[in-house]
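Descriptive analysis of the structure
The lines below spell out each chain.
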There are 2 protein chains.
Amino acid sequence: MKIAELDTPVLLVDEAALDRNIARLKDMTEAANIAYRPHTKTHKSVVIAEKQIAAGAIGICCAKLGEAEVMAANGIDKILITTAVVGESKISRLMQARTQSHISVVADNEDNIAMLGSIAQLSGMKLDVLIEVDIGQARSGVPPGPEAARLARLVKNHGWLNFAGLQGYQGRIQMTVDADERRSANETGLDKLAATIAAAEKEGLNVVIRTGGGTGTSPFDLDRGLLTEIQTGSYVFMDSRYAGIGWPGANAPPFENSLHIWAAVVSKPVPDRAIIDAGLKAASNDHGPPLVADIDGCVFEYGGDEHGILCMADGGEVPLEVGDKLRLIPSHCDTTVNLYDQYMVVQDDDVVDVWSIDARGRVQ
Amino acid sequence: MKIAELDTPVLLVDEAALDRNIARLKDMTEAANIAYRPHTKTHKSVVIAEKQIAAGAIGICCAKLGEAEVMAANGIDKILITTAVVGESKISRLMQARTQSHISVVADNEDNIAMLGSIAQLSGMKLDVLIEVDIGQARSGVPPGPEAARLARLVKNHGWLNFAGLQGYQGRIQMTVDADERRSANETGLDKLAATIAAAEKEGLNVVIRTGGGTGTSPFDLDRGLLTEIQTGSYVFMDSRYAGIGWPGANAPPFENSLHIWAAVVSKPVPDRAIIDAGLKAASNDHGPPLVADIDGCVFEYGGDEHGILCMADGGEVPLEVGDKLRLIPSHCDTTVNLYDQYMVVQDDDVVDVWSIDARGRVQ
């Protein structure tokens, strides 16, 4: 089937570009001798996770237990759940999924650790726990320093829990445009993680895993060498915001846009306005509107839940007619992917495969 | 099952409040002697569409063909697709769904009308077409006046198409807070529709259906009496933005919030900050952040794709602990619903049913 024949809106993945992105991160991490455990909250796809593992990833990250359940049920091993799993019901589900794959989880709360231990014991299986440290995100995670060591000790002393290491992640600096500014903020965060590691080691704890980092900070994380593994997610697809960040040496990021929204013109009531069938339900807006690919000077504006409005920046006629199809570059890959059930995998003008977005909507 | 036992985040529908909303619109439209064809793009649920029809709705609206296919396959009849269906593939799908239910569609383009006619002929079934008029939205639809009559004539003259009427809808004024300002903008739009109806009637066309309007303009649409049916959608659920608009007579809208997001605290690293498990993938942000229900002075801020951050407006301690659950009021019901696969139907503290969000993600 040709791309031109696809009903719209739909997600296109350029497999060759995706594979190049995966190969580039593999090369970068190999050169730095640091592992990577890519975050699958971006793509939510078993096929892509398998590609990452085939390219040397030591496992995967999931944001939610529901994602980990899908990945584990499909044979993906060595999963780190990067947010706390709280409450009896969810921890019981966690231990159930743990029977299929090795799954570790982060924690930042004493009561949560106690419940993880109790339910691990009930299930007769030991559970690896990492302590989450707030290294600058001001979200979850214990403050840097001795508190992490105290919780790590609680984990270590519980017969059914293993203390596996520390997680420190700053999501909000990943897309800082200026590379030097991003490096500086990253160093500040990693200094806090280093101090926390030192505090834990001083108490005789062995911090085997030091996990964190994202696509934006990856060159600096690999350079510094404090983390034992990085959690890059967006590098597989990129998006308009990530594509615009600076890279060391005044370069562009080494990753390509491999994900597009394929949309169609459904109305052109006047020459300077074309209406397409992709609105808020087809292109997430939390990082602003998507970009129009392939048509210089053409600008997308949201026209509500179901429509996008295309105009030319110079006010001229939009060079599209009703029925024409075009590509948009998502502004935020993660939240856009979460709107769809499948990827149409493309090579030039051909659709060569369909991949399920297996963990779409698995927010629990 | 008790609500407290539900894994989070999840959507809750208060069935009694939903039923009261449905009954109120029925009363309003009956008193005005105007029909209603509720927009199901809001709820995407067959069960709720059935409730609306049982309460006197003359059919339903769908935004996309994919939604109409789901509704038709589940026995819902008299469906109006409120956006153009463009291209051979989609029009063929439309005629296929047309074998299950009566489906009509809007159009604003000559080539599209010709293709609708050709494929209707091939399928051996006549198709009802309404002409969409741009009465102020500046999106799709022909300009008010003679152009609509010209297209209506093309429809009427095609042996396999019926000219069914006109659609005029202004989405962007539905949430104008000031009731007088909203009424005034609505009258301006309806004047344009009235002029278009007059132009069509002058040419001997019978404009049987005059469809448009939404929850925000419903009191004015019912008052004026130009439309033969209104397309209200959000009234079933409401949301924080709709709840804040004024109503004639300085009243609040007569509809209640019947939809909530049920979320849980997963981290409380410091007393003045609680982290919940609902972020951008659980609560749409195109109308701003959701509101925190039941806790005065507690404010939600997005903490990324997977987290929400709760603080008190006065900077004090958040009265929640890890594991506590709470209700959020979505800022935009349509785009929030589209993130989930099911509704948990609740009555007081009990979960009494589960309804599928049948047309979730049906953007094509």
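From a predicted model like this one, the values you see are computed outputs, not experimental measurements.

1. Section: the packing of helix α4 (residues 88-97) of chain B against helix α5 (residues 110-123) of chain B
All names here are of chain B. It is the contact of α4 with α5, at a shortest axis distance of 10 Å, that shows an interaxial angle of 45°. The angle between α4 and α5 falls in the class oblique. Viewed along their axes, α4 and α5 form a crossing whose handedness is right-handed. Side by side, α4 and α5 meet where E88, I91, S92, L94 and M95 of the first sit next to N112, M115, L116, I119, A120 and S123 of the second. Among the residues making up the contact of α4 with α5, the classes are represented as seven nonpolar, three polar and one charged.

2. Considering the pairing of strand β7 (residues 161-168) of chain B
Residue and element names in this part refer to chain B. In terms of burial, β7 is largely enclosed, as seven of its eight residues are buried. Of the strand pairs in this sheet, strand β6 (residues 127-133) and β7 are connected by seven bridges, and their pairing is parallel. Looking across to β7, one finds that V129 is bridged to F163. Taken together, β6, helix α6 (residues 146-157) and β7 form a β-α-β motif whose crossover is right-handed.

3. Here we look at the sheet that holds strand β4 (residues 79-81) of chain B
Residue and element names in this part refer to chain B. With parallel pairing, eight strands are arranged side by side in an open sheet as β2-β9-β8-β7-β6-β5-β4-β3. With partners counted over all chains shown, the strands left at the sheet margins are β2 (35-36) and β3 (60-62), one partner each. With two bridges joining them, β2 and strand β9 (residues 229-230) adopt parallel strand pairing. Across the sheet, residue A35 finds its bridge partner in β9, namely E229.

4. A look at unusual backbone geometry
Backbone geometry follows two general trends: most residues other than glycine have a negative phi, and most peptide bonds adopt the trans configuration. All names here are of chain A. The peptide bond linking T8 to P9 adopts the cis configuration, its omega dihedral lying at -10°. Tracing the backbone through its elements, the reader meets P9 in the segment before β1 (10-14). Positive phi outside glycine occurs at N33, with the angle close to 60°. Tracing the backbone through its elements, the reader meets N33 in the loop between α1 (15-32) and β2 (35-36).

5. A few points about the side chain of S104 of chain A
Residue placement: S104 of chain A occurs in strand β5 (residues 103-107). If sequence neighbours within four positions are ignored, S104 of chain A has contacts with I79, L80, I81, D128 and L130 of chain A.

6. Digging into the sheet that holds strand β9 (residues 229-230) of chain A
The strands that make up a sheet pair up through hydrogen bonds in the backbone, lying either parallel or antiparallel. All names here are of chain A. If you walk across this open sheet you meet the eight strands as β2-β9-β8-β7-β6-β5-β4-β3, and the pairing is parallel. If you trace the sheet from one side to the other, it starts and ends with β2 and β3 (60-62), each paired once. Sheet contacts for helix α4 (residues 88-97): β4 (79-81), β5 and β6 (127-133); angle to β5, the most-contacted strand, approximately 150°.

7. So, the packing of aromatic side chains
Residue and element names in this part refer to chain B. Scanning the entire structure with this criterion turns up eight aromatic pairs over all chains. Considering the side-chain rings of F300 and Y302, the 5.0 Å spacing of their centres and the 85° angle between planes classify their relative orientation as edge-to-face. Accessibility expressed as a relative area gives 4% for F300, which makes it buried.

8. Notes on the relation of the copies chain A and chain B
Overlaying chain A on chain B yields an RMSD of 0.0 Å, the required transformation being a rotation through 180° with an accompanying axial translation of 0.0 Å. Such a turn and shift between the copies fits a two-fold axis. Minimal C-alpha distance to the rotation axis in chain A is attained by L339 of chain A, lying at 3.4 Å. Both copies present the same face, since 100% of the interface residues in chain A are matched by interface residues at the equivalent positions in chain B.

Conventions used here
Residues numbered from 1 in each chain as written. Chains lettered and ligands numbered in written order. Predicted model: local features only at pLDDT ≥ 70, side-chain atom pairs only at ≥ 80, totals over all residues. Heavy atoms only, no water. Axes fitted to C-alpha atoms, helices over the stretch in contact; angles between N-to-C directions. Helix = DSSP H or I, 4+ residues; strand = E, 2+ residues; numbered from the N terminus. Parallel < 35°, antiparallel > 145°, perpendicular 65-115°, else oblique. Left-handed = near helix turned anticlockwise from the far one by under 90°. Contact = heavy atoms within 4.5 Å. Nonpolar A, V, L, I, M, F, W, Y, C, P; charged D, E, K, R; others polar. Buried < 20%, exposed > 50% of the residue type's maximum accessible area, 1.4 Å probe, protein only. Pairing = 2+ DSSP bridges. Right-handed = clockwise from strand over helix to strand, strands pointing away. Phe/Tyr/Trp six-rings, centres within 6.5 Å; stacked < 30°, edge-to-face > 60°. Least-squares fit on C-alpha atoms with pLDDT ≥ 70 in both.

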